[in-house]
Amino acid sequence: MHEPEIYKGHNTKDATHWQWLQQTRGKPVYMQEVDPLIPDSVAYPLKEAQELAGVNEFGTTFAYMAALAILQGYEEVQIYGIELSVTEYKYQVESYKFWFGFLRGRLGDKITSTITHIGNNIFAAPLYGYEGNFALGSDYFADRARRLDGSWKSEDKNLTNIKKAIERAIDNKDFENVQRLTLDYQKAAIMCGQTAGALSEAQRYQTFGERYADRGGFEHSAASAQKEGEEKKPLVWHYGGMAEYVWNVWRQSKGAQGAGQVKELIFKMGTTAYDMGAQLGAYQENILYINKYDSVVQANGGLK
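Residues numbered from 1 in each chain as written. Predicted model: local features only at pLDDT ≥ 70, side-chain atom pairs only at ≥ 80, totals over all residues. Heavy atoms only, no water.

Trainee: Explain the overall build of the protein here, please?
Mentor: When you go through the protein residue by residue, the secondary structure sums to 9 helices and 6 strands. A separation of at least 24 residues holds for 68% of the contacts in the protein among residues at least 6 apart in sequence. Accessible surface for the protein amounts to roughly 19,200 Å². Of this, 52% is attributable to carbon and sulfur atoms. (Helix = DSSP H or I, 4+ residues; strand = E, 2+ residues; numbered from the N terminus. Contact = heavy atoms within 4.5 Å. Areas by Shrake-Rupley, 256 points an atom, 1.4 Å probe, with all protein chains shown as cover.)

Following this line, the structure appears as structure tokens:
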């Protein structure tokens, strides 16, 4: 059986590439280091290229070519035949743009490019602050606020009723019911807080009127709310744990002082749970706006 010939440095696009490299052509073949089997091989000046850029931005072959052109003193550069595929566009285009800009900075108008991607020039992005923005509109936020307000009122009423039930159970020394109601109170406080946080965000954006909705603003608000919510979470468990400890002591002593301490800690836990829920609700509401914003952009032919 004939075994296929294996070439050193096999190129998946050209099986004869290694043979081609071994031929003398009188032109440099830049490599990581000189290879004695390749007569025209030259070590690429990587250190000099890195020092030239000041950053390690070499995510595409073009980056090495651009740096080399500057190091060799070229005064004019023309770029052709770099058709960025989907994969290359995602992982290499940023490096291409960096070095294109670097060349423009060094050579001014003595550089041209015909780089496109799926028929669109990669330098034809919308002008930030001028193009590509749109307003979700005050009506959208007003509608969100109306829906959330109805839910919040219902949940707030339920939270108040549970709170009153806890007070009655404590007054009646109904220990087991106090424990059960405390768990219900915590869940209800978080849920009511979530709706309150979402409602607050809808009302806040409603005041913006018809100004452009800034996706970056949604992202910033979501991140801030998430951070504050995470900071409040340990306090919820802290007060909950203290309430459980004091509840056990109160159940044994049955004293009025213990009852007062239990009540105070339970309601501190509830207030903190409500505040934590509000941050979670604000986070979720802004994520909703981000998704809504992106869906409208896509519907209008844009990209995320």
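Right, picking up where we left off after that structure.
Trainee: How should unusual backbone geometry be read in this particular structure?
Mentor: A negative phi angle characterises most non-glycine residues, just as the trans form characterises most peptide bonds. Notably, Lys 173 is not glycine yet its phi reads approximately 55°, a positive angle. For Lys 173, the location among the structural elements is in the loop between helix H6 (138-171) and helix H7 (175-206). Look at Lys 173 and you get partly exposed, because its relative accessible area is 40%. Although it is not a glycine, Lys 254 adopts a positive phi angle of roughly 60°. With respect to the element layout, Lys 254 can be found in the loop between helix H8 (215-253) and helix H9 (256-299). Overall, the relative accessible area of 44% leaves Lys 254 in the partly exposed class. (Buried < 20%, exposed > 50% of the residue type's maximum accessible area, 1.4 Å probe, protein only.)

Trainee: Honestly, the side chain of Ser 41 in this entry has me stumped. Any pointers?
Mentor: Its place among the elements puts Ser 41 in strand S2 (residues 41-43). Residue classification places Ser 41 among the buried residues on the basis of a relative accessible area of 9%. There is a polar contact of 3.1 Å between the side chain of Ser 41 and the backbone oxygen of Asp 35. Side-chain polar atoms of Ser 41 contact the backbone oxygen of Ile 38, separated by 2.9 Å. When neighbours within four sequence positions are excluded, Ser 41 is seen to be in contact with Val 29, Met 31, Val 34 and Asp 35. (Polar contact = N/O pair within 3.5 Å; in protein donor to acceptor, adjacent residues only side chain to side chain.)

Trainee: Whenever I open this one, the packing of helix H2 (residues 46-53) against helix H3 (residues 61-71) confuses me. Can you help?
Mentor: Describing two packed helices takes the angle between their axes plus the distance from one axis to the other. For the pair H2 and H3, interaxial distance at closest approach is 10 Å and the crossing angle is 90°. The orientation of H2 relative to H3 falls into the category roughly perpendicular. Two secondary-structure elements touch here, H2 through Leu 46, Glu 48, Ala 49 and Leu 52 and H3 through Tyr 64, Ala 67, Ile 70 and Leu 71. The residue inventory of the contact of H2 with H3, partitioned by class, reads 7 nonpolar, no polar and 1 charged. (Axes fitted to C-alpha atoms, helices over the stretch in contact; angles between N-to-C directions. Parallel < 35°, antiparallel > 145°, perpendicular 65-115°, else oblique. Nonpolar A, V, L, I, M, F, W, Y, C, P; charged D, E, K, R; others polar.)

Trainee: I tried to follow the pattern of salt bridges on my own but got confused; where do I start?
Mentor: When their charged atoms lie close together, side chains carrying opposite charge are able to pair. All chains considered together, the criterion is met by 10 salt bridges. A salt bridge links Arg 147 to Asp 143, with the shortest nitrogen-to-oxygen separation between them at 3.2 Å. Placement of the pair is Arg 147 and Asp 143 together in helix H6, with a separation of 4 residues, close to one helical turn. Judged by its relative accessible area of 27%, Asp 143 is partly exposed. The residue Asp 184 makes a salt bridge to Arg 180 at a minimum N-O spacing of 3.2 Å. Residue Asp 184 and its partner Arg 180 are located together in helix H7, separated by 4 residues, close to a single helical turn. Judged by its relative accessible area of 45%, Arg 180 is partly exposed. Because the salt bridges share partners, they merge into one network encompassing Asp 143, Arg 146 and Arg 147. (Salt bridge = Lys/Arg side-chain N within 4 Å of Asp/Glu carboxyl O.)

Trainee: Is there a simple way to think about the nonpolar core in this case?
Mentor: Proteins that are soluble and globular tend to have nonpolar side chains buried together. In this structure, Ile 166, Ile 170, Val 178, Tyr 185, Trp 250, Val 262 and Ile 266 are the most contacted members of the largest nonpolar core, which totals 28 residues. Elements with a contribution of two residues or more to this core: H6, H7, H8 and H9. Once residues within four sequence positions are removed from consideration, Trp 250 is found in contact with Ile 170, Lys 173, Phe 175, Val 178, Gly 255, Gly 258, Ala 259 and Val 262. Membership of the second largest hydrophobic core comes to 23 residues, among which are Ala 49, Phe 58, Phe 62 and Tyr 96. (Core = buried A, V, L, I, M, F, W, Y, C linked by side-chain atoms within 4.5 Å.)

Trainee: Help me understand the confidence of the model for the protein, please; the structure alone is not making it clear to me.
Mentor: Low pLDDT marks stretches whose predicted atomic positions should not be read closely. Predicted confidence across the protein gives a mean pLDDT of 86, with 84% of residues reaching 70 or more. The low-confidence segment residues 1-9 (pLDDT under 50) makes 6 contacts with residues lying over four places distant or belonging to another chain. (pLDDT = per-residue confidence, 0-100.)

Trainee: Any chance you could explain the environment of Gly 209 here in plain terms?
Mentor: Within the secondary structure layout, Gly 209 lies in the loop between H7 and H8. In sequence terms Gly 209 and Ser 138 are 71 residues apart; their C-alpha atoms lie 5.1 Å from each other. Once residues within four sequence positions are removed from consideration, Gly 209 is found in contact with Gly 137 and Ser 138.

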